[in-house]
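Here is what each chain is made of, one letter per residue.
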Amino acid sequence: MAAISTPDLTDEHPRARAIELQFTSYGAVKRFGGPAVTIKCHEDNSLVKACVGEPGEGRVIVVDGGGSLRRALLGDMLAEQAAANGWAGLVINGAIRDVDEIGETPLGVQALGTTPLKTEKLGMGQRDVPVSMGGVTIAPGEYVYADNNGVIVSDTALL
């Protein structure tokens, strides 16, 4: 994939939608993109854990955690599994933990913040449903691109 620049992509493709949240980049991969797999969950990362165990095939996991910073939806072990299984990255409307280890993991990770607390695994949430965050609705299969400037979404591939 060509180097990703979300400003260049939005200049070239004005229909791309920017998620209006202030994400921070935590993974070792600072620019990533691919088709979206969506998860909607609140303080329970059971579906994230199941998803990272599947072949990623260069896709991006978009997790709508409702913006909660109380419980981490991703930690170092799940990030390592995602990288090993070929996921391009994760965009998380919520918190992560183990940031030093994730910073050395060859994976893109954008999240709102951090917390040391893990989630309970109750099997709650929904997968492959449209999720809305920061004024943008992301449908499964839409294309997500992320870099240090932000995260954008398009209904078609931009690269």
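Predicted, not measured: the structure shown is a model, and the values here were computed from it. (Residues numbered from 1 in each chain as written. Predicted model: local features only at pLDDT ≥ 70, side-chain atom pairs only at ≥ 80, totals over all residues. Heavy atoms only, no water.)

1. A short note on the UniProt feature "binding site: substrate" (unreviewed entry) in the chain
Next up, step 1: UniProt's entry tags Gly75, Asp76, Met77, Leu78 and Arg97 with the feature "binding site: substrate" (unreviewed entry), counted in the numbering of this structure. The greatest C-alpha distance among the residues just named is 10.6 Å, despite their covering 23 residues of sequence, which places them together in space.
Next up, step 2: Among the structural elements, aspartate 76 can be located in helix α3 (residues 76-84).
Next up, step 3: Residue aspartate 76 is classed as buried on the basis of its relative accessible area, which comes to 19%.
Next up, step 4: Ignoring any residue separated from it by four or fewer positions in sequence, one finds aspartate 76 in contact with Arg97, Asp98, Glu101 and Ile102.
Next up, step 5: Examined against the element boundaries, arginine 97 turns out to sit in the loop between β5 (89-96) and α4 (99-102).
Next up, step 6: Given a relative accessible area of 26%, arginine 97 falls into the partly exposed group.
Next up, step 7: Residues within four places of arginine 97 in sequence aside, it is in contact with Ala72, Leu74, Gly75, Asp76, Ile102, Thr115, Pro116, Leu117 and Lys118. (UniProt positions renumbered as here; feature names shortened; annotations may be inferred. Helix = DSSP H or I, 4+ residues; strand = E, 2+ residues; numbered from the N terminus. Buried < 20%, exposed > 50% of the residue type's maximum accessible area, 1.4 Å probe, protein only. Contact = heavy atoms within 4.5 Å.)

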